[in-house]
Amino acid sequence: MNRKDKVVLMYTKNSTDKELIEGAIKKSSVAYTILTSRYKPKVSFIFNKSFKPIEKSLSYSVEQLFEDFESNVWIDLLVKPLESLNFDENDSIGGLIDTIAKERAHSMYTRTENHRSKDSTEMRKQKLLEPEEKKKKALEKKKTLENERDQKEKNGFNTEVIALNVEIEGINTEIKDLNFEIESLKKFDFGFFEFEESEIDGVNASDPERSFIANDLKLKFFNRLSPEQQILVELRAKGETQKEIVKKTGLTLDQVRERLKKIDMIANEIKNS
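Residues numbered from 1 in each chain as written. Predicted model: local features only at pLDDT ≥ 70, side-chain atom pairs only at ≥ 80, totals over all residues. Heavy atoms only, no water.

Novice: I keep staring at the overall build of the protein and nothing clicks. Help me out?
Specialist: Assigned secondary structure in the protein consists of 11 helices and zero strands. The helix and strand sequence of the protein, counted from the amino end, reads α-α-α-α-α-α-α-α-α-α-α. The burial tally for the protein puts 37% of its 273 residues in the buried class. Counting only contacts in the protein whose residues sit at least 6 apart along the sequence, the fraction spanning at least 24 positions is 68%. Just so you have it, the protein exposes about 16700 Å², and 50% of that area is on carbon and sulfur atoms. (Helix = DSSP H or I, 4+ residues; strand = E, 2+ residues; numbered from the N terminus. Buried < 20%, exposed > 50% of the residue type's maximum accessible area, 1.4 Å probe, protein only. Contact = heavy atoms within 4.5 Å. Areas by Shrake-Rupley, 256 points an atom, 1.4 Å probe, with all protein chains shown as cover.)

This is the structure:
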């Protein structure tokens, strides 16, 4: 067993929060895993309290959203200078984690509300018109065919009755498909998919254990950015949407997206270096 292995094995479930945070900052995956597992129930409770009530309104799974939420909570904690953290007499920091999780949940929930714009509401209404009109015509046609079928059935035209039943069944299938389309359009997309996966959200990373746990990486990242890029990152970190950034910076939507993608490329370069 080498010296490095001995350091890793120092972290156990009995380690204090302070010891685990120090280990996580030193890129110990063991310390990071123990710390996040210890507070996962608390973080999960705070998240579910905000998002479970609106789960049926989301066009994506709450489980996927939680993964992003949880990662950002730990990034928010671990980018703070260690000397700025206030541990209690037991070297625990549960209160701060609780505060960070609540702030992140509020920010993320507010972001969903920001996408409830008048434009998107009108667009959804316009998209609904076509399938609803098709459904109305299909129901009218179905009623006409059923009346015709009932009349032919009375007159004993069995062959024609069978043909009409087949046609009616086809309309029933069409109506079923239209109902599914209408219900899908009525579900509100809270806007998280407005951003491509390659675009960063503040200082986001798919692997927080390796990428943005250490403060020196965050500093290296910001030192690579121009003043304009730093402003964009700060706005995204505050939960501002692309459209809100357009209003605050005077850039076009395409310009904002182009600049965010460039920032993401810089972040990936640093992450993979």
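Novice: When you look at the pattern of salt bridges in this model, what are you seeing that I'm missing?
Specialist: When charged atoms on two side chains of opposite charge get close, those side chains can pair. Applying the stated criterion to the full structure yields 10 salt bridges. Between K134 and E130 there is a salt bridge; the shortest N-O distance is 3.4 Å. Separated by four residues within a single helix, K134 and E130 lie in helix α6 (residues 118-154), roughly one turn from each other. Among the residues examined, K134 registers a relative accessible area of 42% and is labelled partly exposed. On the basis of relative accessibility, which here comes to 53%, the residue E130 falls in the exposed class. Residue D150 is joined to R149 by a salt bridge in which the shortest nitrogen-to-oxygen separation is 3.4 Å. Owing to a relative accessible area of 32%, D150 belongs among the partly exposed residues under this scheme. A single network of salt bridges, built from pairs that share partners, joins K42, D98 and K102. (Salt bridge = Lys/Arg side-chain N within 4 Å of Asp/Glu carboxyl O.)

Novice: I tried to follow the side chain of R149 on my own but got confused; where do I start?
Specialist: Along the chain, R149 falls in helix α6. Polar contacts involving the side chain of R149 include one to the side chain of N165, which spans 3.0 Å. Sequence-distant contacts of R149, that is, excluding residues within four places in its chain, are made with V161, L164, N165 and I168. (Polar contact = N/O pair within 3.5 Å; in protein donor to acceptor, adjacent residues only side chain to side chain.)

Novice: Quick question: what am I supposed to make of the nonpolar core here?
Specialist: Across soluble globular proteins, you tend to see nonpolar side chains buried next to one another. In terms of nonpolar packing, the biggest core is built from 30 residues, with I21, V43, F47, F69, W74, L77 and I97 touching the most fellow members. Going through the elements one at a time, α2 (17-25), α3 (29-51), α4 (62-78) and α5 (94-114) are the ones with two or more residues in this core. No other element matches α3, which puts nine residues into this core. Aside from chain neighbours lying at most four places away, what touches L77 is I21, L85, L96, I97 and I100. L232, V256, L260 and I266 belong to the second-largest nonpolar core, a separate cluster that totals 13 residues. (Core = buried A, V, L, I, M, F, W, Y, C linked by side-chain atoms within 4.5 Å.)

Novice: What's the story with the environment of Y109 in this structure? I'm lost.
Specialist: Along the chain, Y109 falls in helix α5. With a relative accessible area of 27%, Y109 lands in the partly exposed category. Note: C-alpha distance between Y109 and F51 (58 residues apart in sequence) is 7.6 Å. Residues in contact with Y109, not counting those within four places in the same chain, are S50, F51 and I54.

Novice: Sorry if this is basic, but what is going on with the environment of L128 here?
Specialist: When you line up the elements, L128 lands in helix α6. Given a relative accessible area of 13%, L128 falls into the buried group. Along the primary structure L128 and E183 are separated by 55 residues, whereas in three dimensions their C-alpha atoms are 9.3 Å apart.

Novice: Would you explain the environment of K136 in this entry?
Specialist: By the element assignment, K136 lies in helix α6. The class for K136 is partly exposed, based on a relative accessible area of 48%. C-alpha of K136 to C-alpha of I175: the two residues are 39 residues apart in sequence and 9.1 Å apart in space.

Novice: Explanation requested: α2 in the structure shown.
Specialist: Because the α-helix completes a turn every 3.6 residues, residues three or four places apart line up on one side. Those residues of α2 that sit buried are D17, L20, I21, G23 and A24. Each buried residue of α2 lies within a common arc of 160 degrees when the element is viewed along its axis, so the set occupies one face. Residue K27 follows α2 closely and has a positive phi angle near 70 degrees. (Arc of directions from axis to C-beta.)

Novice: Explanation requested: the packing of aromatic side chains in the structure shown.
Specialist: Given two aromatic rings, one states the distance between the centres and the angle between the planes to describe the pair. Overall, the coordinates contain four aromatic pairs when judged by the stated rule. Ring geometry for F47 and F51: centres 4.9 Å apart, planes at 25 degrees, overall stacked. Taken together, the residues span about one helical turn, with F47 and F51 both in helix α3 at a distance of four residues. Each ring, one from F47 and one from F69, has its centre 5.1 Å from the other, and the planes form 40 degrees; the classification is tilted. One end of the pair, F47, is in helix α3; the other, F69, is in helix α4, and 22 residues separate them in sequence. In terms of burial, F47 and F69 fall into one category: buried. Put simply, the rings of F47, F51, F66 and F69 touch in pairs and so form one group of aromatic residues. (Phe/Tyr/Trp six-rings, centres within 6.5 Å; stacked < 30°, edge-to-face > 60°.)

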